Amino acid sequence: MRIAFTLNERAVELEAPANVTLLQLLREYLGLTGSKPGCEIGECGACSVILDGRVVNSCQLLAPQVQGRSVVTIEGLRAPDGGPSDLQQAFVEYGAVQCGYCTPGMVVAAQAFLNRNPDPSRDEIRAAIAGNLCRCTGYQQIVDAVEATAARRRSSGGGGGQ
């Protein structure tokens, strides 16, 4: 089946079986391995991507469901110079990256949330990342990184990345 969509701001068109998940399409057909297979039942968030502005579990979508739509992966989140986004830098700065397995999905979920809510409370941040599981950080550092990014963006008037 031919699938055409926008991936990280670029048009993509490829052939893939209709029963391939978006996660499989990204990893196996397109070589984008930032989205991780975790539980593969939509519970852990390791496979999170942004679909038309909303965070989704790519393991729960069939690839044909993105036909004509916009997908952003962790590989698409970057600073204007192509380096790490301000949010990614804050994850490092605040120790929100430990084993790293959940990190891409967590950053994607946090970015989608900040795109919608540039001035969140800590409780709103916790609720926004609740679909992403982390066994290493205890979440405090992740919430701190997201909160600091939001504050920096408000003070600079910038968006910080994709």
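Quick summary incoming for the structure in this document. (Residues numbered from 1 in each chain as written. Predicted model: local features only at pLDDT ≥ 70, side-chain atom pairs only at ≥ 80, totals over all residues. Heavy atoms only, no water.)

As for the overall build of the protein chain
Here's step 1: Of the regular secondary structure elements, the protein chain holds five helices and five strands.
Here's step 2: Written out in order from the N terminus, the α and β elements of the protein chain read β-β-α-β-β-β-α-α-α-α.
Here's step 3: For the protein chain, whose C-alpha radius of gyration is 15 Å, the value lies close to the compact-globule estimate of 15 Å for 162 residues.
Here's step 4: Counting the 162 residues in the protein chain, one finds 44% classified as buried. (Helix = DSSP H or I, 4+ residues; strand = E, 2+ residues; numbered from the N terminus. Rg over C-alpha atoms; globule rule 2.2 N^0.38 Å. Buried < 20%, exposed > 50% of the residue type's maximum accessible area, 1.4 Å probe, protein only.)

Quick look at the environment of G38
Here's step 1: In this structure, G38 sits in the loop between α1 (22–29) and β3 (48–51).
Here's step 2: Apart from residues lying up to four places away in sequence, G38 is in contact with C44, A46 and Y101. (Contact = heavy atoms within 4.5 Å.)

Observations regarding the side chain of T103
Here's step 1: Its place among the elements puts T103 in helix α3 (residues 103–116).
Here's step 2: With near-sequence residues (within four places) excluded, T103 lies in contact with F91, A96 and V97.

Quick word on unusual backbone geometry
Here's step 1: Positive phi is not limited to glycine here, since N8 has a value of about 50 degrees.
Here's step 2: With respect to the element layout, N8 can be found in the loop between β1 (2–7) and β2 (10–15).
Here's step 3: Even without being a glycine, E40 presents a positive backbone phi close to 60 degrees.
Here's step 4: With respect to the helices and strands, E40 occurs in the loop between α1 and β3.

Describing the layout of surface pockets
Here's step 1: Of the volumes computed, that of the largest pocket is approximately 220 Å³.
Here's step 2: As for the largest pocket, its lining consists of 15 residues, of which Y101, C102, L133, C134 and R135 are closest to the centre.
Here's step 3: Residues belonging to the lining of the largest pocket are distributed by class as follows: 10 nonpolar, four polar and one charged. (1 Å grid on protein atoms, 1.4 Å probe; cavity = no way out; pocket = protein on both sides within 12 Å on 5 of 7 lines; lining within 4 Å. Points joined across faces, edges and corners; volume = space filled by probe spheres on them. Nonpolar A, V, L, I, M, F, W, Y, C, P; charged D, E, K, R; others polar.)

Description of the pattern of salt bridges
Here's step 1: Under the criterion given, the structure shown has 10 salt bridges.
Here's step 2: A salt bridge links R69 to D52, with the nearest nitrogen and oxygen atoms 2.7 Å apart. Here the residue R69 occupies a position in the loop between β4 (54–57) and β5 (70–72), and D52 occupies one in the loop between β3 and β4, the gap between them amounting to 17 residues.
Here's step 3: On the basis of relative accessibility, which here comes to 32%, the residue R69 falls in the partly exposed class.
Here's step 4: The partner of R154 in a salt bridge is D119, and the shortest N-O contact between them spans 3.2 Å. One end of the pair, R154, is in helix α5 (residues 140–156); the other, D119, is in the loop between α3 and α4 (122–128), and 35 residues separate them in sequence.
Here's step 5: A single network of salt bridges, built from pairs that share partners, joins R2, E13 and E15. (Salt bridge = Lys/Arg side-chain N within 4 Å of Asp/Glu carboxyl O.)

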